[in-house]
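Per-entry structural report
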Amino acid sequence: LVLSFTVDDPDTGDDGDISVFIDSASNIVNMFKLETVTSNSFTILSALPLDRETSGLSIENSIGSAKWILRLIAYDNNLIVTNRLTSTAEVLITLQDINDNAPQFFSSSFSAQISESSNIGTLVISLAATDLDFGTNAEVRYLIPASSSNADSFTLDAITGELRTAAVLSRVTNELLVLDVEATDGTQADTAFVTIAITDINDHNPEFKVNLVTSSIPENSLAGITVAFVSASDLDDGENGRISIFIIGGDPGSQFKINDVSLPPLEHSFI
């Protein structure tokens, strides 16, 4: 039921017998129908399901409510059609919003990367979700569910959707973090997950497996024989973990050299 109303005509007989109809030009796709209750009382009913977000044929659907203006025409039933008298009225119908739509993230998954050892509070990614409802029904708040893995390592601004670090991250501990996030309008919610890659910085020194290697060779040994193997490793990744070893002392005559024999963890041989 949209509206109940009455129409009066002080005439008697057929001249006071009233009929009412909705002007079809104002009732696009027959969204509404009119029913007669008594001789002078009528009701307007919705003829189709009404949804503010999809009722695109209303005269206004952009400020939180869909609106229609129905033009009603009432006439008496004088036996001579040309003698019938008419009256018109307009009915403004406003369809108010209810919270019937959940927020929606633009994607169900997001990807981001951040350098390890970044300062606490560093921006990781800005998340966004929309809600087709209006006003307070469309106010989206962002949060990290308490049950989410890695929840203690990040903060999510409830208003802006900015995800920031809440701890200093280490690639050695975790190269990839997955975080659940939620957008809610207070009643309904949408969830997504953020995959965060921790990129390497050169924050580890190379380390020899042993600090002292002893070896002996016969005098007059030929050039090119292997004297000893030394090995070192670096916990960093990629180029940051590539090791070069040099002789920096103890060989004033340059009688020895180092050959690479493997990639990290790196072993070198003295020759």
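Details of the structure are given in the entry above.
First, a word on what this report is: a plain description of the structure on this page. (Residues numbered from 1 in each chain as written. Predicted model: local features only at pLDDT ≥ 70, side-chain atom pairs only at ≥ 80, totals over all residues. Heavy atoms only, no water.)

A closer look at the overall build of the protein chain
The helix and strand tally for the protein chain stands at 0 helices and 19 strands. Residues counted as buried form 33% of the 271 residues belonging to the protein chain. Considering only contacts within the protein chain whose residues lie at least 6 apart along the sequence, 59% involve residues at least 24 apart. A total accessible area of about 16,500 Å² is found for the protein chain, and carbon and sulfur atoms account for 51% of it. (Helix = DSSP H or I, 4+ residues; strand = E, 2+ residues; numbered from the N terminus. Buried < 20%, exposed > 50% of the residue type's maximum accessible area, 1.4 Å probe, protein only. Contact = heavy atoms within 4.5 Å. Areas by Shrake-Rupley, 256 points an atom, 1.4 Å probe, with all protein chains shown as cover.)

Focus: the sheet that holds strand E11 (residues 141-143)
Read from one edge of the open sheet, 4 strands run E8-E15-E14-E11, paired in mixed fashion. Of all the strands in the sheet, the pair left with one neighbour each is strand E8 (109-115) and E11. Pairs of neighbouring strands in the sheet enclose a mean axial angle of 30 degrees, with direction left out of account. Of the pairings in the sheet, the one linking E11 to strand E14 (residues 176-184) comprises 3 bridges and is antiparallel in character. Within E14, the position partnered with Leu143 by the bridge is Glu182. (Pairing = 2+ DSSP bridges. Axes fitted to C-alpha atoms, helices over the stretch in contact; angles between N-to-C directions.)

Thoughts on unusual backbone geometry
Despite not being glycine, Ser117 shows a phi value in the positive range, around 70 degrees. Here Ser117 lies in the loop between E8 and strand E9 (123-126). For Asn150, which is not a glycine, the phi torsion comes out positive at approximately 65 degrees. Looking at where Asn150 falls in the secondary structure, it is placed in the loop between E11 and strand E12 (154-156).

Brief notes about a nonpolar patch on the surface
A grouping of Ile217, Leu222, Ile225, Ile247 and Phe256 is seen on the molecular surface, where their side chains present a nonpolar patch of about 440 Å² in accessible area. Looking at the element boundaries, Phe256 is found in the loop between strand E17 (228-233) and strand E18 (258-260). (Patch = residues over 30% accessible without salt bridge, like charges linked within 9 Å, V, L, I, M, F, W, Y side chains within 5 Å. Salt bridge = Lys/Arg side-chain N within 4 Å of Asp/Glu carboxyl O.)

Description of the pairing of E14
For E14 and strand E15 (residues 189-199), the ladder comprises 9 bridges, and the chain directions are antiparallel. Within the sheet, the bridge partner assigned to Val178 lies in E15 and is Thr195.

What to know about the sheet that holds strand E13 (residues 162-165)
Strand order in the open sheet formed by 3 strands is E9-E13-E12, and the pairing between neighbours is antiparallel. One side of each edge strand has no neighbouring strand; the edge strands of this open sheet are E9 and E12. With strand direction ignored, the average angle separating the axes of adjacent strands in the sheet is 20 degrees.

Looking at the pairing of strand E3 (residues 32-36)
As paired elements, E3 and strand E4 (residues 41-46) share 5 bridges and run antiparallel to each other. Counterpart to Glu35 in the pairing with E4 is Thr43. Hairpin connection between E3 and E4: a loop of 4 residues separates the two successive antiparallel strands.

Some remarks on the nonpolar core
Core analysis: the biggest nonpolar cluster contains 24 residues, and Phe105, Phe154, Leu163 and Ile196 have the highest contact counts within it. Where this core is concerned, the elements lending two or more residues are E8, E9, E12, E14 and E15. With sequence-adjacent residues up to four places away left out, Leu163 is seen in contact with Thr122, Leu123, Val124, Ile125, Ile144, Phe154, Thr155, Leu156, Leu179, Val194 and Ile196. In terms of nonpolar packing, the next biggest core, distinct from the first, is built from 17 residues, Val20, Ile22, Phe32 and Ile44 among them. (Core = buried A, V, L, I, M, F, W, Y, C linked by side-chain atoms within 4.5 Å.)

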